[in-house]
Amino acid sequence: QVQLVESGGGLVQAGGSLRLSCAASGRTFSSLIMGWFRQAPGKEREFVATITWSGSRVYYADSVKGRFTIPRDYAKNTVVLQMNNLKPEDTAVYYCAAGTSYRGFQVPEPDFWGQGTQVTVSS
């Protein structure tokens, strides 16, 4: 089992930044695939970004490319989602996830989920 705990959500104005953190514990290993997903009110959950536990592969959804980055803090077993130039369309609950395979097109298939953290961007 892998346990994931997100933190760092909040309320910001458009153009602002937030830094989300996902602390991982349990059976983590170098081949684990980490991912960030989000779900806005009334909408389905969508893929945001992914990074391998080793940091060797990173991929972002088109909607966040150039604005979001997911550097990993190896020393603290933490995966970070740095969100810059936030837009109202980014408002959602953000979930950290982990798995061992892909659905395709670099989108991970999660086996474990965090509880989520709310991000609200006002216009």
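For the structure, check the block above.
Residues numbered from 1 in each chain as written. Predicted model: local features only at pLDDT ≥ 70, side-chain atom pairs only at ≥ 80, totals over all residues. Heavy atoms only, no water.

1. Considering the packing of aromatic side chains
Scanning all chains against the criterion turns up four aromatic pairs. Aromatic rings pair up to connect F37, F47, Y59, Y95 and W113 into one cluster. The ring of Y95 carries R45 above its face, with NZ or CZ at 3.9 Å from the centroid. One residue, R45, lies across the ring of W113, its end atom 4.6 Å from the ring centre. (Phe/Tyr/Trp six-rings, centres within 6.5 Å; stacked < 30°, edge-to-face > 60°. Lys NZ or Arg CZ within 6 Å of the ring centre and 35° of its normal.)

2. Structural notes on the environment of R67
Looking at the secondary structure, you find R67 in the loop between strand 6 (58–60) and strand 7 (68–69). For the pair R67 and P88, spaced 21 residues apart in the sequence, the C-alpha separation amounts to 13 Å. (Helix = DSSP H or I, 4+ residues; strand = E, 2+ residues; numbered from the N terminus.)

3. Quick look at the pattern of salt bridges
Per the counting criterion, the structure on display carries five salt bridges. The residue R38 makes a salt bridge to D90 at a minimum N-O spacing of 2.9 Å. Taken together, the positions of R38 in strand 4 (residues 33–39) and D90 in the loop between strand 9 (78–83) and strand 10 (92–104) put the pair 52 residues apart, joining distant regions of the chain. Assessed through its relative accessible area of 5%, R38 is described here as buried. Residue class for D90 comes out buried when judged on its relative accessible area of 2%. Between D90 and R67 there is a salt bridge, with the nearest N and O atoms lying 2.7 Å from each other. You can see D90 sitting in the loop between strand 9 and strand 10 and its partner R67 sitting in the loop between strand 6 and strand 7, a full 23 residues away along the chain. The two residues D90 and R67 agree in class, both being buried. (Salt bridge = Lys/Arg side-chain N within 4 Å of Asp/Glu carboxyl O. Buried < 20%, exposed > 50% of the residue type's maximum accessible area, 1.4 Å probe, protein only.)

4. A short note on the nonpolar core
Ranked by size, the top nonpolar core spans 35 residues in total, and within it L4, M34, W36, F68, L81, M83 and Y94 carry the most contacts. For this core, the secondary-structure elements that each account for two or more residues are strand 1 (2–7), strand 3 (18–26), strand 4, strand 5 (46–52), strand 9, strand 10, strand 11 (107–113) and strand 12 (117–122). Sequence-distant contacts of M83, that is, excluding residues within four places in its chain, are made with G16, S17, L18, L20, R67, F68, Y94 and V119. (Core = buried A, V, L, I, M, F, W, Y, C linked by side-chain atoms within 4.5 Å. Contact = heavy atoms within 4.5 Å.)

5. Overview of unusual backbone geometry
Phi is mostly negative for residues that are not glycine, and the peptide bonds are mostly trans. With a phi close to 50 degrees, N85 is a non-glycine residue in the positive phi region. Take N85: it is sitting in the loop between strand 9 and strand 10. Judged by its relative accessible area of 42%, N85 is partly exposed. Even without being a glycine, Q106 presents a positive backbone phi close to 65 degrees. Q106 gets classed as partly exposed once you look at its relative accessible area, which sits at 30%.

6. Concerning the pairing of strand 11
Bridging between strand 10 and strand 11 involves six bridges; their strand directions are antiparallel. Bridge assignment links S101 to a residue of strand 11, and that residue is E109. The antiparallel pairing of strand 10 with strand 11 creates a hairpin that spans two residues between the two strands, and F105 there sits at a positive phi of about 55 degrees. (Pairing = 2+ DSSP bridges.)

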